[in-house]
Amino acid sequence: MRNLLSLLCCFFLLNIHAQQPEKLNASEIFQKIKKLNFLGSVLYIGAHPDDENTRLISYFSNEKNARTAYLSLTRGDGGQNLIGSELREQLGVIRTQELLAARRIDGGEQFFTRANDFGYSKTPVETLKIWDKEKVLADMVWIIRNFKPDIIINRFDHRTPGTTHGHHTSSALLSLEAFEAAANPAKFHEQLEFTKPHQSKRVYFNTSPWFYGGQEAFEEANKNQFISFDTGTYFPLLGLSNPEISSLSRSQHQSQGFGSTGSRGSQMEYLEPIKGDTLRSQNVFKNIDTSWNKLEGGKAIGEILTQVEKDFNFKDPAASLPKLLEAYTLIQKLPNKHWREQKTKEIKDIIYASAGLFLEAVASRASATPQDSVQVKLEAINRSDFPISLNSVELSPNNTKTHPQINLKNNTAWHSEVSLKIPKNTPYTTPYWLKETANNGMYIVKDQQLRGLPETPELSKSLFQLDFNGLSLTFERPIVYKFNDPVFGETYQAFEVIPEVSISFEDEIVIFENAEPKKISVKLTSGKANVQGEVSLSAGEGWTIKPEEQKFQLQQKGSTQIHSFQVIPPKNQNETFISPTALVNGKEFSEKLITIDYKHIPKQNLVTPSKLKVARLEIEKKGKLLGYIEGAGDVVPESLEQIGYSVEKLNAASISASSLEKYDAIVLGIRALNTLKDLKFKQQILFDYVKSGGNLIVQYNTSRGLVTNKIAPFPLELSRDRVTDETAEVRFLAENHPVLNFPNKITKNDFDNWVQERGLYFPDSWSEEFTPILSMQDENESPKNGSLLVAQYGEGYFIYTGLSFFRQFPAGVAGAYRLFANMISIGK
Ligand SMILES: [Zn+2]
């Protein structure tokens, strides 16, 4: 599998980050020539990483030879992570790279807008209230104007709001608006400084059995209005079927657990014409000229390249070089800038691979700081008899240039070494969309030319200027770092520019349950040798930090030091951020450096502002020792420890009546009744624990896939009811109930500042033993009363709650802590 993957990874060129460089074999070169000869393009549009139909993307890219791209409106930052602990922005970085890894396999390209995957929303109305609709639309228009698709394909149906995630329907609705706006010079006029309006020909909706609730219903549906075609093509040059390629691509979504097994044979796809000239031809490119003839000056190029394709010699791709260079020269004369630039890029890759060229610039270290110098090893080799000479190699920006001026004889390498000085104001290597703090719905990207791009363009580059028998071509290569890993062999990484010193906190949040001071530590890491200065912390009004500053000295690059400060909270409830500053030779540093390193994606570096949320709560609590049975995983135990409880994690399989006696309350982690099969046999022990005076708190479970249908000592039915508006009004149904009064008096203020949502999978029916405590609803919906249900059972209490405490605790929401403390304390 590794071999197959690494072969495919080099299949088509993308703007890839430093990693194994592309080394095309003869069939791959031939595929690229066919693509060079096709001048049609397809843009597929969805909302999230994983929405895309990789089978269709691969089909258009590899069978139709069209330039094909996936526009995912978001980077999937709001999802769950199945392979590690990264969430939110960091998860978005992983998913971005997983999409790029998928595209390297299926041959597509990748784009995003600035929209943030803020969590579930029920309708496009709700989604577009949180996203800045005009900005998302602007980005879609910008991408269409630059990519210039002939065909746009929507993953989702714009006519069925409410039947799927609001992000999904929004992607389809905005796509139709963008289709028109991209062609209208009056719309988003400011973009026209860099690009031109573009009219795509038509928009389709890519329907499937999923939209009909299953294969059976889809087979019975009237498909007259659809066009359909078989995407089960077999590619003998690759030894793979299209669905097999598509599965390899989909399997890159590892953080979502989307491993997929390929199939062979016929696979139908269905497109419904939606907008534009809604032609019902089986050929989606009908009436679109996809040949070189469509361009002024293109006819002659087409003739040469048709000949190249016809005469292609699989044993000697270099035999095509004279004709390719002839076509290259003509492409430089095309008046159309878009096609000149696009086809220049494509043909240069083909010339490079046909000549068996290998050009590389490797830094001696993985990273450097601004104004630092690093040695760079250069290599150039030609593996053909074509007369090629190396004129110069320049390191960019503003750096060394050497002029070897030598003939590159067949299979004889040229090596050299030069010094790269990192310019003073070089920005740190980091995802461009994370440089500024995002708001809830949108990332902030000021530079128009960065918008839409999947990742930050390479900053440190090498430019190899070669002469092909009198014709000069310059090849751009990123400066990379590589090393030999004893297990994995040759390993490539991006060469990174990092801060001289980075600062991080151990936690993201620290809760002060009372007025007692706490010790807070920062870790300093040096990006170069011999860094010294002073470190200090600052916080909001009312917070005191001692001492004011501390000296530090870091001798080696990569060495670390921990410094602790005493933080004294204010007397009353209050929250703020603590920011660190390291002062080095008059320059301030306050960023943390995060590394994300997984095998299936290139290593990622994030440099973002370092800050710690601190919250002083006014909270009373009864009881001390809690038992926690972990479900799908959450940070609830750590959060309860922060407010002074002792929490012991329990193994569901080994709980017994006597082992539970000592706990003041038992808490079930999120989805414990979905994920722990043992609970089916242990529920009675938990209920008996309640009967004899314990408190059992059960957090949300999904209504489908429960391990038992007896989730409470009394009848209780889960539903899919959720309240996604985190600001939805909360009404008290049982104002005098102890859970709202003891030991903390809960008021409406305790529902301020909640994040992402109120809660999910609320029960919708329950027996009379339960008291519903709260009522809430999303706009235009009926009240939902099942978010917090309390029942006395014997001497103790059983509590079921779909409120999303697991989201509120890490955000330091005071009211969530106070309400949870009451749930634990009830009856005590
Ligand atoms: Zn989705």
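What counts and what doesn't
Residues numbered from 1 in each chain as written. Predicted model: local features only at pLDDT ≥ 70, side-chain atom pairs only at ≥ 80, totals over all residues. Heavy atoms only, no water. Helix = DSSP H or I, 4+ residues; strand = E, 2+ residues; numbered from the N terminus. Rg over C-alpha atoms; globule rule 2.2 N^0.38 Å. Buried < 20%, exposed > 50% of the residue type's maximum accessible area, 1.4 Å probe, protein only. Contact = heavy atoms within 4.5 Å. Areas by Shrake-Rupley, 256 points an atom, 1.4 Å probe, with all protein chains shown as cover. Donors = N, O, S within 2.8 Å, 3.2 Å for Na, K, Ca; no water. Pairing = 2+ DSSP bridges. Axes fitted to C-alpha atoms, helices over the stretch in contact; angles between N-to-C directions. pLDDT = per-residue confidence, 0-100. Phe/Tyr/Trp six-rings, centres within 6.5 Å; stacked < 30°, edge-to-face > 60°. Right-handed = clockwise from strand over helix to strand, strands pointing away. Parallel < 35°, antiparallel > 145°, perpendicular 65-115°, else oblique. Left-handed = near helix turned anticlockwise from the far one by under 90°. Nonpolar A, V, L, I, M, F, W, Y, C, P; charged D, E, K, R; others polar. Polar contact = N/O pair within 3.5 Å; in protein donor to acceptor, adjacent residues only side chain to side chain. Expected span 1.5 Å × (residues − 1). Salt bridge = Lys/Arg side-chain N within 4 Å of Asp/Glu carboxyl O.

Novice: Teacher, can you tell me more about the overall build of the protein chain here?
Specialist: Regarding its fold elements, the protein chain presents 18 helices and 43 strands. Scaling as 2.2 N^0.38, a compact globule of 828 residues should have a C-alpha radius of gyration of about 28 Å, and the protein chain matches this with 30 Å. For the C-alpha atoms alone, the extent of the protein chain along its principal axes is close to 90 × 75 × 55 Å. The 828 residues of the protein chain split such that 57% are buried. Pairs at least 24 residues apart make up 73% of the contacts formed inside the protein chain by residues separated by at least 6 positions. A total of about 34,700 Å² of accessible surface is found on the protein chain, and carbon and sulfur atoms cover 47% of it.

Novice: Help me understand the coordination of the zinc ion, please; the structure alone is not making it clear to me.
Specialist: Reference geometry at the metal: tetrahedral coordination by four donors gives ideal angles of 109.5 degrees; octahedral coordination by six donors gives 90 or 180 degrees. Taken together, His48 (ND1), Asp51 (OD) and His168 (NE2) make up the full set of protein donors to the zinc ion, lying 2.1 Å away. Taken in sequence order, the residues that donate to the zinc ion follow the motif H-x2-D-x116-H. With a gap of 120 residues between them, His48 in the loop between β1 (41–46) and α3 (54–63) and His168 in helix α7 (residues 166–181) connect regions that are remote in the sequence. According to the relative accessible area criterion, His48 is buried, its value standing at 8%.

Novice: Could you clarify how one ought to interpret the sheet that holds strand β33 (residues 625–629) in this entry?
Specialist: Paired through backbone hydrogen bonds, the strands of a sheet run either parallel or antiparallel to each other. Here we have seven strands laid out as an open sheet, ordered β34-β33-β35-β36-β43-β42-β40, and mixed in their pairing. Of all strands in the sheet, those with a lone pairing partner are β34 (646–649) and β40 (770–772), marking the two edges. Going from strand to strand, the sheet's axes swing by 20° on average, the running direction of each strand aside.

Novice: Is there a simple way to explain the pairing of strand β28 (residues 574–584) in this structure?
Specialist: On a regular strand, each side chain points to the face opposite its neighbour's, so the side chains alternate between the two faces of the sheet. For strand β24 (residues 531–538) and β28, the ladder comprises five bridges, and the chain directions are antiparallel. Looking at β28, one finds that Ser536 is bridged to Thr581. Taken together, the five bridges between β28 and strand β32 (residues 612–616) define a ladder with antiparallel strand orientation. In the sheet register, Glu575 faces β32, and the bridge partner there is Ala615.

Novice: Is there a simple way to explain the side chain of His253 in this structure?
Specialist: Relative to the helices and strands, His253 resides in the loop between α9 (242–250) and β9 (268–276). Residue classification places His253 among the buried residues on the basis of a relative accessible area of 0%.

Novice: Can you walk me through the confidence of the model for the protein chain in this structure?
Specialist: Reading predicted coordinates in detail is not appropriate for stretches of low pLDDT. Of all residues in the protein chain, 98% attain a pLDDT of 70 or more, and the chain-wide mean is 94. For residues 1–18, every residue scores under 50 in pLDDT, and the model assigns this stretch 57 contacts once sequence neighbours within four places are set aside.

Novice: Hey, could you run me through the sheet that holds strand β27 (residues 560–568) in this one?
Specialist: Strand order in the open sheet formed by four strands is β21-β23-β27-β25, with antiparallel pairing between adjacent strands. The open sheet is flanked by β21 (501–505) and β25 (544–546), the only strands paired with a single partner. Within the sheet, the average angular offset between the axes of one strand and its neighbour, ignoring direction, is 30°. For β21 and strand β23 (residues 518–526), the ladder comprises five bridges, and the chain directions are antiparallel. Each bridged residue has a counterpart across the sheet, and for Phe505 the counterpart in β23 is Val522.

Novice: Help me understand the packing of aromatic side chains in this model?
Specialist: Any pair of aromatic rings gets described here by the distance separating the centres and the angle formed by the planes. This model, assessed by the stated rule, comprises 37 aromatic pairs. With 6.1 Å between their ring centres and 85° between their planes, Trp142 and Phe194 make a pair best called edge-to-face. Of this pair, Trp142 sits in helix α6 (residues 133–147) while Phe194 sits in the loop between α7 and β5 (202–207); the two residues are 52 residues apart in sequence, bridging distant segments of the chain. Taken together, a centroid distance of 6.2 Å and an interplanar angle of 70° make the contact between Phe156 and Phe211 edge-to-face. Of this pair, Phe156 sits in the loop between β4 (151–154) and α7 while Phe211 is found in the loop between β5 and α8 (215–220), placing the two residues 55 residues apart along the sequence.

Novice: What am I meant to see in the pairing of β4 here?
Specialist: Here β4 shows two buried faces, one formed by Ile151 and Ile153 and the other by Ile152 and Asn154. With four bridges connecting them, β1 and β4 associate as parallel partners. Opposite Val42, over in β4, you have Ile151 as the bridge partner. Sheet analysis places β4 next to β5, joined by four bridges and oriented parallel. Within β5, the position partnered with Ile152 by the bridge is Val203. Handedness of the crossover joining β4 and β5 through α7: right-handed.

Novice: Before we go on, may I ask you to explain the environment of Val730 in this structure?
Specialist: Its location among the elements puts Val730 in the loop between β37 (716–723) and β38 (731–732). For the pair Val730 and Glu269, spaced 461 residues apart in sequence, the C-alpha to C-alpha distance is 46 Å.

Novice: Is there a simple way to explain the packing of helix α11 (residues 321–331) against helix α12 (residues 337–354) in this structure?
Specialist: The relative placement of two packed helices comes down to the angle between their axes together with the axis-to-axis distance. Relative orientation of the contacting elements α11 and α12 amounts to 160°, with a least axis distance of 10 Å. As far as their axial angle goes, α12 and α11 are roughly antiparallel. For the element pair α11 and α12, the recorded crossing hand is left-handed. Each of Leu321, Leu324, Leu325, Ala327, Tyr328 and Ile331 in α11 lies in contact with α12, whose residues at this interface are Arg340, Lys343, Thr344, Ile347, Lys348, Ile350, Ile351 and Ser354. Here the contact of α11 with α12 is composed, by residue class, of nine nonpolar, two polar and three charged.

Novice: I'm lost on α3 in this one. Help?
Specialist: At 3.6 residues per turn, the α-helix brings residues three or four places apart onto the same side. α3 sits mainly inside the fold: eight of its ten residues count as buried. Looking only at α3, the buried set comprises Thr54, Leu56, Ile57, Ser58, Tyr59, Phe60, Ser61 and Asn62. For α3, the N-terminal capping position is held by Asn53, with its side-chain oxygen 3.1 Å away from the main-chain nitrogen of Arg55. Positioned one or two residues after α3, Asn65 has a phi angle of 65°, which is positive.

Novice: So what exactly am I meant to see when it comes to α12 here?
Specialist: The end-to-end C-alpha separation of α12 is 25 Å, in line with the 26 Å expected for 18 residues at 1.5 Å each. Gly356, located one to two residues past α12, shows a positive phi value of around 65°.

Novice: Help me out: how do you make sense of the pattern of salt bridges in this one?
Specialist: For side chains bearing opposite charge, pairing can occur when the charged atoms are close. Tallied over the full model, the rule gives 37 salt bridges. Across the pair Glu630 and Lys649 runs a salt bridge whose closest N-O atoms are separated by 3.5 Å. Pair noted here: Glu630 is in the loop between β33 and α13 (636–642) and Lys649 is in strand β34, with a separation of 19 residues, a long-range link. Judged by its relative accessible area of 48%, Lys649 is partly exposed. The network of salt bridges with common partners includes Lys122, Asp778, Glu781 and Lys784.

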